[in-house]
Each structure stands twice: as structure tokens, then as C-alpha cells.
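Below, each chain spelled out in residue letters.
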Amino acid sequence: MKYFKSFLLVSVFSSALIPASLSAVTPDELADHITRSRSCPVASIVHQEPAAERGWFSSFRQKTGNALRWFGDKLRTEDDSRTAAGHVTQMAKDGAATALSYKTGFSFSRNIFNPIGNALRKVGQWIKGGEETQTTTRVVLNNLGLNKSSKDADVAEALRKTAVASLKADAATAVKTYEDVVSGLDKRGLSTKSLDTEQIYLSALAGQTLAKNPTVSYETFSQEMFAHGMPVLEKMNGIKEAPDGEKLNLMKSYLNQVFIKERDKIQFDAARNSAAAAA
């Protein structure tokens, strides 16, 4: 048990050492990262010996590393409690956390499995060797400039940049890119639970839509919002719980409020800039 306590402490500590760029990346720079990550395929191994010729140790190391990474990912992934399987998994984690608290004398919650999962992934990657595949989500996360000490305001600003960058890079896939980053932040221990992630994305989408055409009509604006924001709109509080027959009207009402707010903001900024230029 003494060694297990040490492992828990090391797990929490090592999970805090997630590599992150501390520079303040701009949405345009982030959009370039997204575009480049998609246009440059993952480098393939030019020559790899057959498993039989690599030797048992190399094969064992690869399998062990992959197994640890898989298990670590399972531990750090927050399951959807709305599904039966997700509810059972979360109950199992709660039960395990209670048992750990009893056995070790420390007070643990289900959140302890997030840093342990991250630590296991790091150990697994070290065992198998090489570098992690640079997926678009990982590239974005590594360039957001966040670390374990980042505040909610920092995470919210990072998500705003991600939303704008995703839309600039490819509006058709922006929602998926944004939601993958939200999930990735949660897995890295930077919880987004206290943030209105849907509102952050929709505000960015509205701003980008009006920035392209400040005089756009509400009808055109709402069409753009539905085209590139419907999956997010459906998840908003007050809309996802509403009866199906009321959801569309609630969405339209919300979009009208967003349209007025973002339009007024753009007009105010334009007037302020003009006044500053004339001074």
C-alpha cells in the first residue's frame, strides 16, 4: 500500500507536466496550425521489419505500451452518464474511489482517475517509444498555452480562440474540431464543466458571420448559424430539455438575441475606432 500511495502522488504530479506552449497564440495562427496538421499526413515508417524479425522484446514493449495507453485513456475519459453503460462506468469509478479512500486514508473522488490515466498514457508512450501521433486535436491543445494552473477565464479564452480558428480553417468541420478540443481539455485535467462551452462557440460563430458582412440580414445570419452551429444549438441548456415541437422556436429566439447583441457590439467597436482615429 505504501508503494500504491507513492504511485498516486507521482501520477498526479506527472499529469501536471503536460507539454504546452506558453505563448499567446492568435486565432489566425491556430487556424494555420489546424490547416497544416490536416494537409501534412502523418509521417509513415519507410521500412519496418516483420514482427517475427523484430524479436519478442520489441513486440512485448509495443503491446505493453499500447495497453497502458489504452487503459489510461479509459480511466481519464468521462463517460456519458445519460447512457446505461456510462452510468455503470461512473458508478464503478465512484466505488473504486471510495475503496481507495478507505484503503489509503486519503480522500479521493472519481476525478483522481484523470491524472492516473494521463500518467499511464505517458508511461505507455515511454515504454513503446517514439512520439504520439500529431492529430489535429493534439496540435491545437499543445498550442493553446494552457497548463494545470490555468484559470477558468484562461480556458474560456482558449476555447474562444479554438472556435474562431476552427471556423477560419474550415467552417464545415468547425463544430467537430471544437468539440474534440473541449473533450481533450477535460481529459488533460482542465475541466470545462463550469463553462458554457456551447455559448462560447455560438458567440464566436456569430461574430465571424457578422465580421464577414456587418449588414447581413437576420434571415441570412440565422441560416449561417443553423448551418454551422446546429449540433451545438441542440445541446444548449433550455433547448436540449425542451419538447421537440418547441426546440426550433427556442433556437430562433436565442439566435435573434445573439444577432442583436453581436451586431450592436460590432457597431460600437466601429464607432469607437472611428472616434479614436479622428482624435
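First things first, this report covers the structure right here in the doc.

Rules and cut-offs
- Residues numbered from 1 in each chain as written.
- Predicted model: local features only at pLDDT ≥ 70, side-chain atom pairs only at ≥ 80, totals over all residues.
- Heavy atoms only, no water.
- Axes fitted to C-alpha atoms, helices over the stretch in contact; angles between N-to-C directions.
- Helix = DSSP H or I, 4+ residues; strand = E, 2+ residues; numbered from the N terminus.
- Parallel < 35°, antiparallel > 145°, perpendicular 65-115°, else oblique.
- Left-handed = near helix turned anticlockwise from the far one by under 90°.
- Contact = heavy atoms within 4.5 Å.
- Nonpolar A, V, L, I, M, F, W, Y, C, P; charged D, E, K, R; others polar.
- Expected span 1.5 Å × (residues − 1).
- Buried < 20%, exposed > 50% of the residue type's maximum accessible area, 1.4 Å probe, protein only.
- Arc of directions from axis to C-beta.

**Let's talk about the packing of helix 2 (residues 27-39) against helix 8 (residues 152-169)**
Here is step 1: Between helix 2 and helix 8, whose axes approach to 8 Å, the crossing angle comes to 55 degrees. Compared by their axis directions, helix 2 and helix 8 come out oblique. Pair helix 2 / helix 8 crosses with right-handed handedness. Facing helix 2, whose interface residues are Pro 27, Asp 28, Leu 30, Ala 31, Ile 34 and Thr 35, helix 8 presents Lys 161, Thr 162, Val 164, Ala 165, Ser 166, Lys 168 and Ala 169.
Here is step 2: Residue classes in the contact of helix 2 with helix 8 are distributed as 7 nonpolar, 3 polar and 3 charged.

**Considering helix 2**
Here is step 1: With 13 residues, helix 2 should reach 18 Å at 1.5 Å per residue; the first-to-last C-alpha distance of 18 Å fits that figure.
Here is step 2: Turning to helix 2, its buried residues are Pro 27, Leu 30, Ala 31, Ile 34 and Ser 37. Seen along its axis, helix 2 keeps its buried residues to an arc of 130 degrees; they face one direction.
Here is step 3: Taken together, the buried residues of helix 2 touch helix 7 (136-142), helix 8 and helix 9 (174-187).

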